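An overview of the molecular structure
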Amino acid sequence: MSRRANNFIDINTLVRKNVLNMKPYSSARDEFKGEAEVYLDANENPYPSPYNRYPDPLQWRVKEKLAEIKGVQPEQIFLGNGSDEPIDLIIRAFCEPNQDSILITEPTYGMYSVCAEVNAVNVQQVLLTHDFDIDLDAFPKTFDATTKVIYLCSPNNPTGNLLSRDKIVEVLKRFYGIVVIDEAYIDFTKGKSFVNELDKYPNLVVLQTFSKAWGLAGLRLGMAFASPEIIAVLNKIKYPYNVNIRTQDLALEALDNVARKESWVEEIIEEREEMVKALKKLPIVDKVYPSDANFVLVKVKDAHQTYRELMDQKIIVRDRSKVTLCYNCIRITIGTPEENKRLLQALKEL
Ligand SMILES: *Cc1c(COP(=O)(O)O)cnc(C)c1O
């Protein structure tokens, strides 16, 4: 892998030509941004209800607060309907259908390849090593001139581990294309986020989400952090009002209470460590993989059977045994102390 000659990347050379040349939709809220007294520009219903007005299309209040917390500029943030939205938009912005490719490491989160396939974009796969880390030697054999985006997930789903930082940096330095690092589980590890490396790597996109540590999966709010140039491309092609008023308000509330998130995270990590210890003692468990996330991947004697028997006890885990390199593995989310006890008791009695 060595397509990048120097540290300079002109993002516009990577953007699809039609996206580069198109004129974006301009909403009423884009055209008038100040404070006024009478709004007759957006065909809204004038009678007051909490939601009669369109939301801020660029969610500036949320971004300003988030920027402070994350140590970035508001212009380096994109907010979407879950992380799934930026995962999809990045492919649509940078990959020509029936021509370009994304590269993913397997096993990993399923949405990268689903979004690529919907957009008729080819998926190139590189296996992770047996300890689920990046195999740098395998990259050059797989990627080619059609590869426009690399998706890395760290901590990785479903394996739970961080990818090694040095290898991620190698990919960032050597690849002339977009490198996405999905950090959905970054709150559950002591490993450092890449969110404060944006100024060093113009091709970097970091994804985070309100769905895991923040406890807001039902709201659907995902974050992408990148250079203002990349963020501008995503803003250009997103739906104008992609994050509703209620979600923006509730996100602001959550961001006012970082301590609550942190105490959940602390509790979940403690429970995870207990869970790992207890699982290792069980006869049906062959291996507990180290976790930097809010779940553990566990190799058992017969994953399908364990899954069925837990289900009979009304306990649902994720059977990952058909996933590459995850033969006979189940993925267990860390629950409350009571839920975890119940799971362990059930596993003991199998
Ligand atoms: C859960 C998860 C997400 C979150 O997706 P949302 O659309 O934000 O809910 C993103 N990436 C990975 C790897 C995940 O496991």
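Residues numbered from 1 in each chain as written. Predicted model: local features only at pLDDT ≥ 70, side-chain atom pairs only at ≥ 80, totals over all residues. Heavy atoms only, no water.

1. A look at helix α5 (residues 111-118)
Here α5 has its buried residues at Tyr 112, Ser 113, Cys 115 and Ala 116. Taken end-on, α5 shows its buried residues confined to a sector of 160°, consistent with a single buried face. Across from the buried face of α5, at angles greater than 90 degrees, the exposed residues are Glu 117 and Val 118. The inward-facing, buried residues of α5 abut α4 (84-94), β2 (101-106), β3 (122-127), β4 (147-153) and β5 (178-182). After α5 finishes, the residue Ala 120 shows a positive phi value of roughly 55°. (Buried < 20%, exposed > 50% of the residue type's maximum accessible area, 1.4 Å probe, protein only. Helix = DSSP H or I, 4+ residues; strand = E, 2+ residues; numbered from the N terminus. Arc of directions from axis to C-beta. Contact = heavy atoms within 4.5 Å.)

2. Points about the nonpolar core
By size, the foremost hydrophobic cluster in this structure holds 47 residues, and its most contacted members are Leu 152 and Phe 225. When contributions to this core are tallied by element, the ones reaching two or more residues are α3 (60-70), β1 (77-80), β4, α7 (165-174), β5, β6 (204-209), β7 (222-226) and α9 (245-255). Each of domain 1 (6-256) and domain 2 (259-348) accounts for three or more of the residues forming this core. Residues contacting Leu 152, with those up to four places away along its chain left out, are Thr 105, Ile 134, Phe 139, Leu 163, Ile 168, Val 171, Val 179, Val 180, Ile 181 and Asp 182. Listed in part, the 34 residues of the second largest apolar core include Val 123, Ile 178, Val 205 and Leu 234. (Core = buried A, V, L, I, M, F, W, Y, C linked by side-chain atoms within 4.5 Å. Domains from an automatic or database assignment.)

3. Details of the packing of aromatic side chains
Under the criterion given, the structure shown has eight aromatic pairs. Both rings, one in Tyr 109 and one in Tyr 112, keep their centres 5.6 Å apart while their planes meet at 75°; by these two values the pair is edge-to-face. Between the aromatic rings of Phe 132 and Tyr 289, the centroid separation amounts to 5.1 Å while the plane-to-plane angle is 50°, which identifies the pairing as tilted. In this pair, Phe 132 sits in the loop between β3 and α6 (139-142) while Tyr 289 sits in the loop between β8 (285-288) and β9 (295-300), placing the two residues 157 residues apart along the sequence. (Phe/Tyr/Trp six-rings, centres within 6.5 Å; stacked < 30°, edge-to-face > 60°.)

4. As for a negative patch on the surface
There is a patch of like negative charges on the surface, built from Glu 262, Glu 266, Glu 267, Glu 270, Glu 338 and Glu 339. Mapped by element, the contributors of at least two residues to the negative patch are α10 (258-280) and α12 (337-349). (Patch = residues over 30% accessible without salt bridge, like charges linked within 9 Å, V, L, I, M, F, W, Y side chains within 5 Å. Areas by Shrake-Rupley, 256 points an atom, 1.4 Å probe, with all protein chains shown as cover. Salt bridge = Lys/Arg side-chain N within 4 Å of Asp/Glu carboxyl O. Lys, Arg positive; Asp, Glu negative; His and termini not counted. Charge placed at Lys NZ, Arg CZ, Asp CG, Glu CD.)

5. A word on the pairing of β7
Summarising burial for β7: five of the five residues are buried, a large majority. Of the two faces of β7, both are covered, the one formed by Gly 222, Ala 224 and Ala 226 as well as the one formed by Met 223 and Phe 225. Bridge analysis of β1 against β7 gives four bridges, and the strand direction is antiparallel. What sits directly across from Leu 79, in β7, is Met 223. Sheet topology note: the β6/β7 ladder contains five bridges and is antiparallel. (Pairing = 2+ DSSP bridges.)

6. Re the site of the ligand
Near the ligand, the surroundings consist of 14 residues, among which Asp 182, Tyr 185, Thr 209, Lys 212 and Arg 220 are the closest. Between the ligand and the protein, one listed contact pairs an oxygen atom with a side-chain N or O atom of Tyr 185 at 2.6 Å. Between the ligand and Ser 211, the relevant distance is 2.7 Å, taken from an oxygen atom to a side-chain nitrogen or oxygen of the residue. The fraction of the free accessible surface of the ligand (390 Å²) that becomes covered by protein chains is 94%. Per-class residue counts for the shell around the ligand are five nonpolar, five polar and four charged. (Near = heavy atom within 4 Å. Polar contact = N/O pair within 3.5 Å; in protein donor to acceptor, adjacent residues only side chain to side chain. Nonpolar A, V, L, I, M, F, W, Y, C, P; charged D, E, K, R; others polar.)

7. Section: the environment of Gly 82
With respect to the secondary-structure elements, Gly 82 resides in the loop between β1 and α4. On the basis of relative accessibility, which here comes to 0%, the residue Gly 82 falls in the buried class. A sequence separation of 49 residues divides Gly 82 from Asp 131, and the C-alpha atoms of the two residues are 29 Å apart. Filtering out sequence-adjacent residues up to four positions away, Gly 82 remains in contact with Arg 220, Leu 221 and Gly 222.

8. Here we look at α12
An ideal rise of 1.5 Å per residue puts 18 Å on 13 residues; α12 measures up with 19 Å between its terminal C-alpha atoms. Of the positions making up α12, those classed as buried are Asn 340, Leu 343, Leu 344, Ala 346 and Leu 347. All buried residues of α12 fall inside an arc of 160° around its axis, so they share one side. Opposite the packed face of α12, turned more than 90 degrees from it, sit the exposed residues Glu 338, Lys 341, Arg 342, Lys 348 and Glu 349. Against α10, α11 (303-312) and β11 (329-333) lie the buried residues of α12. (Expected span 1.5 Å × (residues − 1).)

9. Here's the deal with the side chain of Asp 133
Looking at the element boundaries, Asp 133 is found in the loop between β3 and α6. You can call Asp 133 buried: its relative accessible area is 13%. At 2.9 Å, the side chain of Asp 133 and the backbone nitrogen of Ser 164 are in polar contact. With residues near it in sequence (within four places) discarded, Asp 133 still touches Leu 128, Leu 163, Ser 164 and Lys 167.

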